[in-house]
Amino acid sequence: MSSLHKIGVFVCWCGSNIAATVDVAAVAEAMRAEPNVVYATDYQYMCSEGGQSRIREAIKEYGLTGVVICSCSPRMHEATFRKAAQSAGLNPYMVEIANIREHCSWIHKDRMDATAKAIVLARTALAKLNLNQPLTAGESNVVKRALVIGGGIAGIQSALDIAEAGYEVDIVEKTPTIGGRMAQLDKTFPTLDCAACILTPKMVDAAQNEKITLYTYSEMESVSGFVGNFTAKIRKKARHVNEDLCTGCGLCQEKCPSRKAKNEFNMGLNTRTAIYIPFAQAIPNVPVIDTEQCIHFKTGKCGLCQMNCSAKAIDFEQQDEIIERQYGAIVVATGFRPISLERFDEFGYSQNPDVVTSLEFERIMNAAGPTKGQLVRPSDGKHPHCIVFVQCVGSRDTSGCGKPYCSKICCMYTAKHAMLVREKYPDVEVHVFYIDVRTPGKNFDEFYRRAVEQYDVDYIKGMVGKVSSHGDKLQVQGSDLIADKQIIIDADMVVLAAAIEPDPEVRKIATMLTASIDTNNFLTEAHPKLRPVESPTAGVFLSGVCQGPKDIPETVAQASAAAAKVIGLLAKDKLKRNPCVAHSDEMLCNGCSACEKVCPYGAISYMDKEFRVPGPKRTEIRRIAVVNEAVCQGCGACTVTCPSGAMDLKGFSTKQIMAEVDAICR
Amino acid sequence: MKFSYYPGCTLKTKAKDLDAYGRRAAEALGITLEELPEWQCCGAVYPMAKDEIATKLSSVRALVSARDLGNDLVTLCSACHHVIKRVNGDMQNDENIRTKANNYLQLETPYAGETKVIHYLEMLRDVVGFDELKKKVVNPLKGRKIGAYYGCMLLRPSKEMQFDNPENPTIIEDFIKAIGATPVLYPFRNECCGGYVTLSKKELAQKKADVILESAMEQGAEELITACPLCMYNLDANSTAHKLPVHYFTELLAEALGVK
Amino acid sequence: MPATEKELAETIRRISGVDTRKCMKCGKCSGTCPAFGEMDIHPHKFVSMVEKGEIDELMQSKSLWTCLSCFACVERCPRNVEPARLIEAVRLAVIRRQGENYLKADQIPELLDEKLPQQAITSAFRKYSK
């Protein structure tokens, strides 16, 4: 143990968060008795200006060479305290945090036990600090280009904002067009403006912006690198239509004889051709061939589209293309889908075509939809006279069949659907079964009340137990809890507000980006309140429903927030690197390559080096590992893999870790 | 293929057909059903309370006896299947029930739910296979429009019964197809027939049975099949209007296999 | 000494194994119950009254004798509350008291008919008598 160290210890109360459970004065007193500690104190809020100035003053007054802060998680305030120490002339890596809040006061009840544990945690931090070396962060360049994964409203908005600030942006969209879920919607709450009217201009803006490149019908293959320097591989799937030659005339679609594929854009309510443009305003306005449906791909015959294309754009031989590009920042905007209703067959969805999901109903109500906006039943094309809406189908469900969370958008779109039906068809009776009506948001509750008070929509507090077909009606059996009755409604259509879930692709994307994901497959924020649009992985940002259920206004706000973070990052020419990187002791390295194989960042390479040796040969050439500090992210995989103990991590050396373990076991 | 077989009380008395046709059909399919020695009544309803131990013991005895014979256990009556399967689940998952039942029974080898319990229909689906069954049909029931009546006991709670999709099951429809007839889907095929309440509140049970029969008739069913003697009673004897013939599924199976 | 209502509520929760706090009061149980029309206290209210400890009133309820044990409420509950288990627990609390059997052996002969299966009698006895 170095006797040159003069260490200060600061114990934070965190108001009552720590002080109510841990005797902070006792912790300070215990630490005062430790070797090398020349100063120890406690204070109400160490992170406040008052707390930080205490650190600065103590560093100067006592000539401190290191500081232990006993406070919250280092994820919360490590950066704050390092900055404070640095401003008083101390190397920021001579600051250690003992987490006595999350790891101690919040999880224990007994004050004696908690205090004892806090002292152990403080001693542990001190043991490590005694072996710390001052570290200096290097710098790396920032590639001035952003990647947006997902071309819905979230991705489009983020891309437009980033482009507006002058940076290049690429959007990768897996379907043949940008636009996403919003393109499928009819009207939008609470103002009832048409989704297409407000979305399509943005889609056109994105397509025409010279800073934005669209990769539609494309998927992410891989991502490597780190903040400021990501390398992405994008698979541009073969459309079998040459985008440069196609004029978007649509003749191929008209001539295509294969017309049996389910139309995904219309939620399978009608069919489409094998060569198709998903919808009239699609961008790019270039068709794609569905090779599983195309007669030419199945039998080698047909080829009608090719014969009729005057632009010679049809290319049956076209192959997938892999594009490799560098990016400084990545925005994930992968969106959502409604859950499958196969585990909710009590509502008869799979047994009756007139039981539809809300998104299907959206297509039925849409002027460009399968019924040209006419409200008719899918089964027989008849006009319905009574519609029952069921909310919370699969939301707030802890039985294992659905999702435990509230999907957030259903109360509002159900009120919208109910209102639109009553507005357009006053003869239609509309009932809504609800558990709670949740309408926080500007003009939201007023909107819902309008459905009730102005449009006479019948809101029933209760839930549907069973939907069964009865003649050409749907018998809806449910509860009316206010009346304490079981009621039966003979309906013509039933609309189910199915829960929403993150697009399943997000799992693959999250793995590629080493971005964390929660139990519901939503991406996790770096901090739920203070860093809501950042992923814990530096340089990866979150936009839209991939982070949690939200409506269009919230999605757009978050998309712009993510863009602001990207712009802030791209505006920098250099980034400070994490100095806690691996290094190899060349005298111990035996050149086995084990570390190179486990390194997820490709930061380790090998070189031959000449070493002096005793004996007549005097020198010999040995193969040794070399770490590229600009690429290493300090994960430590190499240090635990190295069989000869040559690899070590700066700031987290094996010696330091062992000293921590010793301190705990003391 | 050999199984232990638990017939249950009612199959020895009022529902002899369900049993007799089931045995004959199994034989025709090359399956040996060995009746468990000295089985006792399962109690007909699953005792839901966590502190009910004694009422579960007869099921445990049957399960232990199948285990000791080294056989999977086949049931035929829906109620017996429900009770034995759920008690087996308790023996696997409820430590308190397992300990107390074992303490009481003083077995040489304690029982922890090792026996696999399958219903006759599951045996047809998973062991014989409906495709194989179809091949063995000598007398396909062509043109017969049959509604499957599942009732409650086979399906629910689905987490424990693991029988089929509880809201849109297909196993009996697949069975009907395999014996050459036409299944008729109707929405009330998994709703309650009134069950044991028929003893003290006949009218309540009648209402329930009538709704089921009406639903089946409306969708074009000309007869119903069931695996439960109590469902049979409620649908056949206790319902008021709209009579449809109701059969045990084993009767039709035996007919199709030419062993009726 | 007979159990207090509070003790009874504790017993009901214990022997049913149901955590009534999981209920989000959606009413799907009452929307689905095939015996709803013959009950005085409906399934959703039954859950709520156990939660509040109002067991004396539940023990007088005719719902105890009309529940069909069809498990539709159990199957369809989005929160895994299992109302049928609560009804069974209260039913047991009644019939476990001396002289409180709902069905007595001497009533049986008049209830029988030629086709009635044994299963019906056994089930009813298990449900209604101790």
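Scoring rules and cut-offs
- Residues numbered from 1 in each chain as written.
- Chains lettered and ligands numbered in written order.
- Predicted model: local features only at pLDDT ≥ 70, side-chain atom pairs only at ≥ 80, totals over all residues.
- Heavy atoms only, no water.
- Salt bridge = Lys/Arg side-chain N within 4 Å of Asp/Glu carboxyl O.
- Helix = DSSP H or I, 4+ residues; strand = E, 2+ residues; numbered from the N terminus.
- Buried < 20%, exposed > 50% of the residue type's maximum accessible area, 1.4 Å probe, protein only.
- Contact = heavy atoms within 4.5 Å.
- Buried area = accessible area lost by both parts, 1.4 Å probe.
- Polar contact = N/O pair within 3.5 Å; in protein donor to acceptor, adjacent residues only side chain to side chain.
- Nonpolar A, V, L, I, M, F, W, Y, C, P; charged D, E, K, R; others polar.
- Pairing = 2+ DSSP bridges.
- Domains from an automatic or database assignment.
- Arc of directions from axis to C-beta.

Draft legend 1. Broad picture of the pattern of salt bridges. Using the criterion set out here, one finds 68 salt bridges over all chains in the structure. Residue Glu-114 of chain B is joined to Arg-67 of chain B by a salt bridge in which the shortest nitrogen-to-oxygen separation is 3.8 Å. Here Arg-67 of chain B lies in helix α2 (residues 57–69) and Glu-114 of chain B lies in the loop between α4 (95–105) and β4 (117–119), a separation of 47 residues in the sequence. Given a relative accessible area of 46%, Glu-114 of chain B falls into the partly exposed group. Classification of Arg-67 of chain B by relative accessible area gives buried; the value is 19%. Through salt bridges that share partners, Asp-354, Arg-377, Asp-380, Lys-473 and Asp-492 of chain A make up one connected network.

Draft legend 2. Here's a closer look at the interface of chain A and chain B. At the junction of the two partners, chain A supplies 12 residues and chain B supplies 11 residues. Between chain A and chain B, the buried area comes to about 920 Å², and carbon and sulfur atoms account for 39% of it. Where chain A meets chain B, there are eight residue pairs in polar contact (both at pLDDT 80 or more). Element by element, the count of residues in the side of chain A that touches chain B is highest for strand β24 (residues 464–470) of chain A, at four residues. Across the side of chain A that touches chain B, the residue classes break down as no nonpolar, eight polar and four charged.

Draft legend 3. Inspection of the pairing of strand β11 (residues 218–226) of chain A at higher detail. All names here are of chain A. Relative to strand β12 (residues 229–236), β11 runs antiparallel, the two sharing eight bridges. Residue pairing in the sheet places Ser-218 in a bridge with Lys-236 of β12. Linking β11 back to β12 in an antiparallel pair, the connection comprises two residues, with Gly-228 at a positive phi of about 90 degrees.

Draft legend 4. The arrangement of the side chain of Ser-129 of chain C in detail. All names here are of chain C. Position of Ser-129 among the secondary structure elements: in the segment after α9 (118–128). Ser-129 sits in the buried class, given a relative accessible area of 9%. Here the side chain of Ser-129 touches Leu-103 through a polar contact of 2.4 Å, landing on its backbone oxygen. If near-sequence neighbours (up to four positions away) are discounted, Ser-129 is found in contact with Ile-95, Asn-101, Leu-103 and Ala-124.

Draft legend 5. Broad picture of the interface of chain B and chain C. Contacts between the two partners involve 50 residues from chain B, matched on the other side by 44 residues from chain C. Interface of chain B and chain C: buried area, both sides summed, is about 4100 Å²; carbon and sulfur atoms make up 57% of it. The largest per-residue losses of area from chain B upon contact with chain C belong to Met-48, Tyr-196 and Leu-199 of chain B, which jointly make up 22% of the total buried on that side. Summed over the shared surface of chain B and chain C, the result is seven salt bridges. In this structure, Arg-76 of chain C engages Glu-167 of chain B in a salt bridge whose closest nitrogen and oxygen atoms are separated by 2.8 Å. The tally of links from chain B across to chain C stands at 21 residue pairs in polar contact (both at pLDDT 80 or more). Considering each element in turn, the side of chain B that touches chain C owes the most residues, five residues, to helix α10 (residues 229–237) of chain B. Tallied by class, the residues present in the side of chain B that touches chain C amount to 25 nonpolar, 10 polar and 15 charged.

Draft legend 6. Region of the structure containing the domain arrangement of chain A. Each assigned domain of chain A is listed here: domain 1 (7–129), domain 2 (145–237 + 320–335 + 514–570), domain 3 (251–308), domain 4 (338–501) and domain 5 (582–650). Computed from C-alpha coordinates alone, the two centres of domain 1 of chain A and domain 4 of chain A are separated by 56 Å.

Draft legend 7. Fine view of helix α15 (residues 505–513) of chain A. Residues and elements named next belong to chain A. Of all the positions in α15, only Val-506, Ile-509, Ala-510, Met-512 and Leu-513 are classed as buried. End-on view of α15: buried residues confined to an arc of 160 degrees, all on one side of the axis. Looking at the buried positions of α15, the neighbouring elements they touch are β6 (145–149), β11, β18 (329–332), β28 (500–502) and β29 (540–542). Among the residues trailing α15, Thr-514 stands out with phi positive, at a value near 45 degrees.

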